[in-house]
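Next come the chains, spelled out residue by residue.
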Amino acid sequence: MTTENGHDLYQDNLDKEQNISTKQTNNTVNVGHLELLEERPVINKERLDVGKVTVTKHSRTKTVEVPIELVEEYITIRTDYHDAESQDLLSGNYDDKDILRYVEPSLDSKAVVTINGKQIEIGDEPVDIVLSRQVATVTKDTYAIQDIEINKSTHVHTDSIQVELKHEELDVTEEGLLAHGSDTTPLK
């Protein structure tokens, strides 16, 4: 009979019988088998969350003073007097007889004033002089002032863990005087 490996089973049995007979001729018989055991560490790793970082963005408000030049128009009325008597008449230092002297009955007379280089007649209609001024209007533009990059990295470090391990050793104790073949030294 042959196996798939091509070995003859009969030959295998003969080899085993020869090994047993060789052991018996040496006066050694295998009585049993004993295993010595030891513990070996098995290290498992697990991930624990040990902390947390919260990143938020918030706005702060501050008040700043920004200098700005604004233009405002004013009206100045200047009167030129041709003589001292006219000055007194317009300033209120006059007598009733002085009023009669300067007022001449004339219905067609019109006063002319010069405003910003333009001559304007002042008659029965009022003259409007528009005054303007600048006012500040504030708008805000937003600019990036800082870029922030957030990275998370890992660092590998080596720790030492003390583990108490057991192992088995064989102790042989002999009692009495046992013969061990030609050698008579006791086992230690």
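Undergrad: Would you mind going over the overall build of the protein chain with me for this structure?
TA: Each helix and strand in the protein chain was counted, giving three helices and two strands. Beginning at the N terminus, the succession of helices and strands in the protein chain can be written as α-α-α-β-β. Per-residue burial over the protein chain gives 1% buried out of 188 residues. A sequence separation of at least 24 residues applies to 48% of the contacts in the protein chain between residues at least 6 apart. By element, 50% of the accessible surface of the protein chain is carried by carbon and sulfur atoms, the whole surface being about 21,000 Å².

Undergrad: Hey, could you run me through a nonpolar patch on the surface in this one?
TA: Together, Ile-75, Ile-77, Ile-122, Val-127, Ile-129 and Leu-131 make up a nonpolar patch on the protein surface, roughly 510 Å² of accessible area in all. With respect to the element layout, Ile-75 can be found in the loop between α1 (9-25) and α2 (84-91). Given the relative accessible area of 42%, Ile-75 is considered partly exposed.

Undergrad: Got a minute to help me understand the pattern of salt bridges in this structure?
TA: Close approach of charged atoms lets side chains of opposite charge pair. Scanning the entire structure with this criterion turns up two salt bridges. Residue Glu-38 is joined to Arg-40 by a salt bridge in which the shortest nitrogen-to-oxygen separation is 2.9 Å. By relative accessible area, which is 63% here, Arg-40 ends up exposed.

Undergrad: What should I look at first to understand the pairing of strand β2 (residues 118-122) in this one?
TA: In regular strands, side chains alternate between the two faces of the sheet. Little of β2 is tucked away: zero of the five residues are buried. Sheet topology places strand β1 (residues 111-115) next to β2; five bridges connect them, and they run antiparallel. Counted as the bridge partner of Thr-114 is Gln-119 from β2.

Undergrad: Just to check I follow, could you spell out the confidence of the model for the protein chain for this structure?
TA: Detailed reading of the predicted coordinates is not advisable wherever pLDDT is low. Of the residues in the protein chain, 63% have a pLDDT of 70 or more, and the chain-wide mean is 76. Ranking the elements of the protein chain by mean pLDDT puts helix α3 (residues 96-102) last with 55 and β2 first with 78. Low pLDDT (under 50) marks residues 1-6, which in the prediction has six contacts with non-local residues, meaning those over four places away or in another chain.

Rules of the game
- Residues numbered from 1 in each chain as written.
- Predicted model: local features only at pLDDT ≥ 70, side-chain atom pairs only at ≥ 80, totals over all residues.
- Heavy atoms only, no water.
- Helix = DSSP H or I, 4+ residues; strand = E, 2+ residues; numbered from the N terminus.
- Buried < 20%, exposed > 50% of the residue type's maximum accessible area, 1.4 Å probe, protein only.
- Contact = heavy atoms within 4.5 Å.
- Areas by Shrake-Rupley, 256 points an atom, 1.4 Å probe, with all protein chains shown as cover.
- Patch = residues over 30% accessible without salt bridge, like charges linked within 9 Å, V, L, I, M, F, W, Y side chains within 5 Å.
- Salt bridge = Lys/Arg side-chain N within 4 Å of Asp/Glu carboxyl O.
- Pairing = 2+ DSSP bridges.
- pLDDT = per-residue confidence, 0-100.

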